[in-house]
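Overview (structure and organization)
Letter by letter, the chains look like this.
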Amino acid sequence: PEAVVVGYPHVGGAISIRQVTADSALQWAKDTLSVLGVFKKEMTIYPNPVRKGGAVSLSWQGTEPGIYRVAIFNAGGAMVEERAMEVSSREQVDLLEIPASLPGGVYFLRAAGAGDRRSITRKVVVL
């Protein structure tokens, strides 16, 4: 299909240029392709939304094997739950229990690999 790119003129002041690194461009491409169903995300969460006290399935797809620190953060950035998970194969499913004490709302689940700055972050809605 044909794509049309529309540009908008900058009004007043200098034009700001954002530096795009190879990593950010690759992540943008992966996210875009996953929405189109062409590329699978490294980690998906199901069900989402989830009821407090329930569990979510973390589906790891194409993720590098290793130990990941999986943490749940509230909208204010405070960590409310944390645990270590071992990803031993490129496709794996783990269960993560959502604490019954969590109030309903939007949370962020972050999986960070040990020893590197790489992380995967997904939004989780708790009912």
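Scope of this entry: the structure provided in the associated data block.

Calculation notes
Residues numbered from 1 in each chain as written. Predicted model: local features only at pLDDT ≥ 70, side-chain atom pairs only at ≥ 80, totals over all residues. Heavy atoms only, no water. Helix = DSSP H or I, 4+ residues; strand = E, 2+ residues; numbered from the N terminus. Phe/Tyr/Trp six-rings, centres within 6.5 Å; stacked < 30°, edge-to-face > 60°. Buried < 20%, exposed > 50% of the residue type's maximum accessible area, 1.4 Å probe, protein only. Contact = heavy atoms within 4.5 Å. Polar contact = N/O pair within 3.5 Å; in protein donor to acceptor, adjacent residues only side chain to side chain. Pairing = 2+ DSSP bridges. Axes fitted to C-alpha atoms, helices over the stretch in contact; angles between N-to-C directions.

The omega torsion of the bond from Tyr-46 to Pro-47 falls at -10°, within 30 degrees of zero and hence cis. By the element assignment, Pro-47 lies in the loop between strand S1 (43–46) and strand S2 (55–61). With an omega of 20°, the peptide bond between Asn-48 and Pro-49 qualifies as cis. Tracing the backbone through its elements, the reader meets Pro-49 in the loop between S1 and S2.

Here the structure, examined in full by the defined rule, presents one aromatic pair. Ring geometry for Trp-60 against Tyr-68: centres 5.2 Å apart, planes inclined by 40°, an arrangement best described as tilted. For Trp-60, a relative accessible area of 0% puts it in the buried group. By relative accessible area, Tyr-68 is classed as buried at 7%.

Tracing the chain through its elements places Val-125 in strand S7 (residues 119–126). In sequence terms Val-125 and Val-50 are 75 residues apart; their C-alpha atoms lie 6.3 Å from each other. Non-local contacts of Val-125, meaning those with residues more than four positions away in its chain, are made with Asn-48, Pro-49, Val-50, Gly-105 and Val-106.

This brings us to the side chain of Asp-94. Inspection of the secondary structure puts Asp-94 in strand S5 (residues 91–97). Of the polar contacts made by the side chain of Asp-94, one reaches the side chain of Gln-92; its length is 3.0 Å. Ignoring anything within four residues of it in the chain, the contact list for Asp-94 reads Val-56, Ser-57, Leu-58, Trp-60, Met-85 and Glu-86.

Moving on: the sheet that holds S2. As summarised here, the arrangement of the three strands in space is S1-S2-S5, forming an open sheet in which the pairing is antiparallel. In this open sheet, the two strands that pair with only one neighbour each are S1 and S5. Pairwise comparison of adjacent strand axes, ignoring direction, gives a mean angle of 25° for this sheet. Relative to S5, S2 runs antiparallel, the two sharing seven bridges.

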